Amino acid sequence: MKVRNFLAGALMLAATQALAYPTIGDKAEWTGTMVTQDGMSVPVIVIKEVMSYDETTMKWTVHTTKMVGDKVENETKEMFHMYTPEKYQKMIQNCVVHGGTLEDVTVGAGTYSVCSMERECGHVKKAMSYGDVPFGIVKKMVTDEMDGSVKTMELTSVTLGQ
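Let us look at the overall build of the chain. Within the chain one finds two helices and nine strands. Listing the helices and strands of the chain from first to last along the sequence gives α-β-β-β-β-α-β-β-β-β-β. Here the chain holds 162 residues, and 28% of them are scored as buried. Taking contacts inside the chain between residues at least 6 apart in sequence as the whole, the part at least 24 apart equals 40%. Summed over all atoms, the accessible surface of the chain reaches about 10,500 Å², with 58% contributed by carbon and sulfur.

Spelled out as structure tokens, the structure:
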């Protein structure tokens, strides 16, 4: 009986660890388009990857590559707060209370249960769908009323680190 309980506990822990993020090597890719006010459409690709974790500073190093048309930007940042499964659970529990909607969204990387929310900050409107994935974003649309551009992106691949 003790052996069976031990094995069940070990399996539960292993399953939890397998789904845990952030972890070094977590990588997500979003693809989409930016449509300018004059109707020109430009491809957009964003890739984020967790490169390292410093236990003394408790900071994650995240590398981001952004490609808009033929323009490429690379940036590496240290981050203290990262999106976690626990943050996802809190978001889902409080989604409707904070003006969001719960729904299932299908994107290139699969189908996810998400909290979709719309926010406005000055001349920028954001429609975001947050799911249980590294970095949290499953789908995103940003409308800039100042320059008339609309950027849309959806999650196309996720790789969980070790």
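Another point: the side chain of T65. Here T65 lies in strand 3 (residues 59–68). Only 3.3 Å separates the side chain of T65 from the side chain of H63, close enough to count as a polar contact. Here N74 takes part through its side chain, which lies 2.7 Å from a polar atom of the side chain of T65. Setting aside its immediate chain neighbours within four residues, T65 contacts I45, V46, I47, V72, E73 and N74.

Turning our eyes to something else, we now look at the side chain of T84. Relative to the elements of secondary structure, T84 occurs in the loop between strand 4 (71–79) and helix 2 (85–94). Contact partners of T84, with chain neighbours within four places excluded, come to Y21 and P22.

Attention now moves to the pattern of salt bridges. Under the counting rule described, the total for this entry stands at two salt bridges. Its salt-bridge partner being E73, residue K71 comes within 3.5 Å of it at the nearest N-O pair. In this structure, the salt-bridge partner of K125 is E145, at a minimum N-O distance of 3.0 Å. Highlighted residues: K125 in strand 7 (residues 124–130) and E145 in the loop between strand 8 (137–144) and strand 9 (149–159), separated in sequence by 20 residues. Taking relative accessible area as the criterion, K125 reaches 34% and is therefore assigned partly exposed. The class of E145 is partly exposed, set by a relative accessible area of 47%.

This part covers a nonpolar patch on the surface. On the surface, I24, Y53, M58 and F80 cluster together to form a nonpolar patch covering roughly 380 Å² of accessible area. Within the element layout of this structure, Y53 appears in strand 2 (residues 41–54). Y53 gets classed as partly exposed once you look at its relative accessible area, which sits at 31%.

This brings us to the nonpolar core. With 20 residues, the main nonpolar core has W30, Y112, F135, V138 and L155 as its most contacted residues. Excluding its chain neighbours within four sequence positions, the residues that come into contact with W30 are V44, I45, V46, K48, F135, I137, V138, M153, E154, L155 and T156.

Definitions and limits used
- Residues numbered from 1 in each chain as written.
- Predicted model: local features only at pLDDT ≥ 70, side-chain atom pairs only at ≥ 80, totals over all residues.
- Heavy atoms only, no water.
- Helix = DSSP H or I, 4+ residues; strand = E, 2+ residues; numbered from the N terminus.
- Buried < 20%, exposed > 50% of the residue type's maximum accessible area, 1.4 Å probe, protein only.
- Contact = heavy atoms within 4.5 Å.
- Areas by Shrake-Rupley, 256 points an atom, 1.4 Å probe, with all protein chains shown as cover.
- Polar contact = N/O pair within 3.5 Å; in protein donor to acceptor, adjacent residues only side chain to side chain.
- Salt bridge = Lys/Arg side-chain N within 4 Å of Asp/Glu carboxyl O.
- Patch = residues over 30% accessible without salt bridge, like charges linked within 9 Å, V, L, I, M, F, W, Y side chains within 5 Å.
- Core = buried A, V, L, I, M, F, W, Y, C linked by side-chain atoms within 4.5 Å.

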